[in-house]
Every structure is written in structure tokens, then in C-alpha cells.
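Fold and contact review
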Amino acid sequence: MIEVKISDKTLDTQACIDKVLSPSCGGIDVFIGTVRNATKGKQVVRLEFEAYERMALKEMQKLGEQAKKKWPIENVLIHHRVGVLGIGDIPVVIAVAAAHRDAAFDACRYIIDTLKETVPIWKKEIFEDGEVWVAAHP
Amino acid sequence: MIEVKISDKTLDTQACIDKVLSPSCGGIDVFIGTVRNATKGKQVVRLEFEAYERMALKEMQKLGEQAKKKWPIENVLIHHRVGVLGIGDIPVVIAVAAAHRDAAFDACRYIIDTLKETVPIWKKEIFEDGEVWVAAHP
Amino acid sequence: MQVKVLAFGIAKEIFGSSSISIDIESNDTDGLKNALEVKYPKLKELSSYMVAVNDEYANDKTPITQQDEIAIIPPVSGG
Amino acid sequence: MQVKVLAFGIAKEIFGSSSISIDIESNDTDGLKNALEVKYPKLKELSSYMVAVNDEYANDKTPITQQDEIAIIPPVSGG
């Protein structure tokens, strides 16, 4: 199973985990991204996420397919949040279930690393005194 | 924070995750072990876990401390179940929160790998036609 | 040819809109980039940017038509 | 000296009890292992086993007293 989703609602971590559980899997690795209160020592007020939704879903699906080709994993879930997020909110949940844990760890890490490079989603950091689109400028 | 626990009750994954969340953390890696329906192609009926509880808690605490020395992580939680577990039940939850995800992934994987080598907990696999203490014999 | 271009993130701010129309001389992604960079020179200040054609990253000189969905993809920062 | 020994996992099954008392000749972990292997030769069939003294893994020839909590740790298999 590969499930990808972009949502403007709070991501439900437990529901994500429940979806990848399987009687033939012994190891589940879950990555949860959360909004940190500071970036490079500067206090963050909130983040705003925006997606090119149709293409982002396509790229997320590709990530799931690539991971399933590279490692013996069974279920992959990638959920990404869009909209305005406050400190502690969850922009992303990735859950991977496999018979054995090594594949789950490798695949989960590959997916978040690659998602950050290829999936058309953007985040703007809002500070007390300004805002910046992350990674936009050198 | 380091929290270790051995319990004969169902592990609550969401509660484990909630405990490691922190406004200064941006990445949480969670490992969930589940009871697989088969081992080496043989159908499993149930597992029985037993711990040398006081020593196991001490070794789990050490794992948390070692991980915090090795990587810049903030919160570590290690919960292990004992007693009789059926297919799909969760023997172990490890949750690690860090400012950045690499440390969370590395530490979480180190903890489960090392737990399986050093923490005095034993599991017996029960099949239709017999039972075996895992790893006991060459 | 005039094409419609979708914009996201900082590209939307540079264009002042989530969708613009622009005249291009050569009907491919290079022609599009040239036209955009003349009209919106701030695009050249980005670390990089890509063009997507029909939801796929496009290489240099990918042909484009008025029927294609074209989007400007500034450096992504999801996760 | 007679010492009390806790047993877990397969060691509990080999001893037939979660706790046994045994006479040892030399008062250290080697003396304990020798005495145990004479009385419970099945211990030698295990992949390996360790002795824990007061909740810590003990090396060879670690001295033991009657006040110590001593446990036999067969190959662990948690997780």
C-alpha cells in the first residue's frame, strides 16, 4: 500500500500509524516533522505551507514507489499539511512498515530526505520582524 | 528527558509520541515493533516476553544516556511490553525528538539495535507445534 | 505564442499573482525562462527554479504548447 | 559458599525454577559458571550466557558474595 495525502487539517499521527500496520510487518518507522520555535537562533512566529497540490501528490506517490523498489517494505504513508502552522504543529508524517526494521528505517529516511528536495511544497517562515520563503535565495 | 518503562499493558503509541514532543524539536523518529504472523516462514501463534525488570530498566536508561551523548537529541522514550502478545501487538516503542531529523533517526536506530543486544528481555515464540526461546541456541 | 504560467511560493510574490500570461518567442521552456526573466528580473536572484510541464519537472528546451499546464517551481522547502 | 541465583528465559526452564541455590567452590563468576554447568549441563548448549551481579553484566572472575543479587542472563531477544 502507498498512501499520499495533502491536507489543510491537523495530521493524525495515530491514524497514520494504524494505516500502515500489517500482520506480516514487524518493524514500523515513523518520521514526524514538527514546527520548531526557532530557526538559526531566530524566534519563529508561525509557518505557512503552500503546495502545487496535484504535482506534489504525484511526486509523493513516486517517492513511495521508489522506496518500494529499493527496499523490501510493505506499506508507505506520506501525509503533508498545508496552510498556517504554529509552533509544535505537524507539517509531515511518514510511516513505513516492513517485515524487518532495517528496510523501514532506510526507506523512511530516504522518503523525508527526497521529499525535501523534489516535492513542490514551499514554506514561509514568519518572524516578529519579517518573513522569508525557506531556501528561495542563496 | 529520558523515559524508560516496562509494562504488561498495551503500549500507547500516541501517548509515547506526545511525551517526546517539544517546541525546540523539529524531527521525531519513532520505531514501533509489532508481532509478525510468521518467523522464517513458520506461522506464529503468540509471543511471550519476560524481563529481568530492574536490570532491563537500568540498561534501557543507559541506552538513552548513550544516545544523548552521541547525538544532539532532546527527548528519548523507550517503552517495552512484557507478557503474552498476539499478532499485531506492540512489544516496543522508541521515540526520539531532536532539533534536526538526522540525529533523531540515528539515535532511534541505535537504541533499537542495541536494545536487542543488551537489554535483559526474552521472547518465546509459540507455534502450532512447539515453542522456542528466540536466540537461545546456535 | 502566449502561455499561462502558474506560480507558487516566492514566484507568486515575484509575479504578483498565482497565474500570469506571457508572450514567448521560442516555444519551449528556455524561451519561457528568457521571457520571464526579462519581465521579472527578480527570478534570477533565486537559488534556482524549475519549470514543470503537466505536473512533471521539465528539462531545458522541453517543447511547450498552449494546452500544457505550465508552472514555475522555485526551490522547494516542504517537510 | 552457597549463593542464590535468579534465572530468566530459557535458563529458568533449564533450572526448573526462577531461582535456585547452589554451592560454589571459588567465590567468583567463573566458580559459579563451573558449578552451574556441572549441575545443569544444558547451559552449555546455549549460544552463550552471561552472569549479572547487582543488575550489571559481570566479566569473568568477578568476585561474588552472598549479599549480591546474581542472575543468569541467556541470550537476550527483546524488541
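Right above here is the structure, for reference.
A brief structural summary. (Residues numbered from 1 in each chain as written. Chains lettered and ligands numbered in written order. Predicted model: local features only at pLDDT ≥ 70, side-chain atom pairs only at ≥ 80, totals over all residues. Heavy atoms only, no water.)

**Section: the packing of aromatic side chains**
Tallying each qualifying case throughout the model produces ten aromatic pairs over all chains. Ring geometry for F31 of chain A against F105 of chain B: centres 5.4 Å apart, planes inclined by 15°, an arrangement best described as stacked. A residue pair is termed interchain when its members come from two chains, as with F31 of chain A in strand β2 (residues 27-33) and F105 of chain B in helix α3 (residues 101-118). An aromatic cluster is present here, built from Y52 and W122 of chain A together with F8 of chain C joined pairwise through their rings. Note that K42 of chain A overlies the ring of F127 of chain A, its terminal NZ or CZ placed 4.5 Å from the centroid. (Phe/Tyr/Trp six-rings, centres within 6.5 Å; stacked < 30°, edge-to-face > 60°. Helix = DSSP H or I, 4+ residues; strand = E, 2+ residues; numbered from the N terminus. Lys NZ or Arg CZ within 6 Å of the ring centre and 35° of its normal.)

**Focus on α3 of chain B**
The end-to-end C-alpha separation of α3 of chain B is 26 Å, in line with the 26 Å expected for 18 residues at 1.5 Å each. Residues A103, A104, F105, A107, C108, Y110, I111, I112, T114 and L115 of chain B constitute the buried set of α3 of chain B. Where α3 of chain B is buried, its residues meet β2 and α3 (101-118) of chain A together with β2 (27-33), α2 (53-70), β6 (73-81) and β8 (92-98) of chain B. (Expected span 1.5 Å × (residues − 1). Buried < 20%, exposed > 50% of the residue type's maximum accessible area, 1.4 Å probe, protein only. Contact = heavy atoms within 4.5 Å.)

**Regarding the packing of α2 of chain B against α3 of chain B**
All names here are of chain B. One way to put it is that α2 packs onto α3 with a least axis distance of 10 Å and a crossing angle of 145°. The chirality of how α2 crosses α3 is right-handed. Each of E59, L63, Q66, A67 and K70 in α2 lies in contact with α3, whose residues at this interface are A107, Y110, I111, T114, L115 and T118. Taken together, the residues that form the contact of α2 with α3 break down as six nonpolar, three polar and two charged. (Axes fitted to C-alpha atoms, helices over the stretch in contact; angles between N-to-C directions. Left-handed = near helix turned anticlockwise from the far one by under 90°. Nonpolar A, V, L, I, M, F, W, Y, C, P; charged D, E, K, R; others polar.)

**Thoughts on the interface of chain D and chain B**
Between chain D and chain B, the residue contacts involve 24 residues of the former and 30 residues of the latter. Looking at the side of chain D facing chain B, the largest losses of area belong to D55, S77 and G79 of chain D, adding up to 29% of the total buried there. Along the contact surface separating chain D from chain B lie six salt bridges. Linking chain D with chain B are 21 residue pairs in polar contact (both at pLDDT 80 or more). (Buried area = accessible area lost by both parts, 1.4 Å probe. Salt bridge = Lys/Arg side-chain N within 4 Å of Asp/Glu carboxyl O. Polar contact = N/O pair within 3.5 Å; in protein donor to acceptor, adjacent residues only side chain to side chain.)

**Comments concerning the interface of chain B and chain A**
Taken residue by residue, the interface counts 31 residues in chain B and 31 residues in chain A. Summing both sides of the interface, chain B and chain A together bury roughly 2,700 Å²; the carbon and sulfur share of this comes to 52%. Where chain B touches chain A, the interface holds six salt bridges. One salt bridge connects D113 of chain A with R101 of chain B, and the closest N-O pair in it is separated by 2.7 Å.

**A short note on the side chain of T13 of chain B**
Tracing the chain through its elements places T13 of chain B in helix α1 (residues 13-20). Ignoring sequence-local partners within four residues, the contact set of T13 of chain B consists of Q14 and I17 of chain A together with I32, I90 and V93 of chain B.

**Section: the sheet that holds strand β1 (residues 2-7) of chain A**
Ordered in space as β1(A)-β6(A)-β8(A)-β2(A)-β2(B)-β8(B)-β6(B)-β1(B), the eight strands form an open sheet in which the pairing is mixed. Two strands lie at the open edges of the sheet, namely β1 of chain A together with β1 (2-7) of chain B, each paired on one side alone. The sheet shows a mean angle of 5° between the axes of neighbouring strands, taken without regard to direction. Along the sheet face, α3 of chain A touches β2, β6 (73-81) and β8 (92-98) of chain A together with β2 of chain B and points at about 150° away from the line of β8 of chain A. Strands β2 of chain A together with β1, β2, β6 and β8 of chain B of the sheet are contacted by α1 of chain B, whose axis makes an angle of about 155° with β6 of chain B. (Pairing = 2+ DSSP bridges.)

**Considering the pairing of strand β2 (residues 19-23) of chain C**
All names here are of chain C. Every second residue of β2 is oriented toward a common face, the buried set being I20 and I22 and the non-buried set S19, S21 and D23. In this sheet, β2 lies alongside strand β1 (residues 2-7) in antiparallel orientation, the contact comprising five bridges. Bridging from a neighbouring strand, L6 pairs with S19 of β2.

**Details of unusual backbone geometry**
The phi torsion at D55 of chain C lies on the positive side, around 70°, for a residue other than glycine. Even without glycine at this site, K61 of chain C takes up a positive phi of about 55°.

**Regarding the pairing of strand β1 (residues 2-7) of chain D**
Pairing geometry for β1 of chain D and strand β5 (residues 70-73) of chain D, over three bridges, is parallel. Bridge pairing in β5 of chain D places V5 of chain D opposite I70 of chain D.

**As for the relation of the copies chain B and chain A**
Superposing chain B onto chain A requires a rotation of 180° together with a translation of 0.0 Å along the rotation axis, leaving an RMSD of 0.0 Å. The two molecules are tied by a two-fold rotation axis, judged by turn and shift. Residue V30 of chain B, judged by its C-alpha, is the member of chain B lying nearest the rotation axis, at 2.5 Å. (Least-squares fit on C-alpha atoms with pLDDT ≥ 70 in both.)

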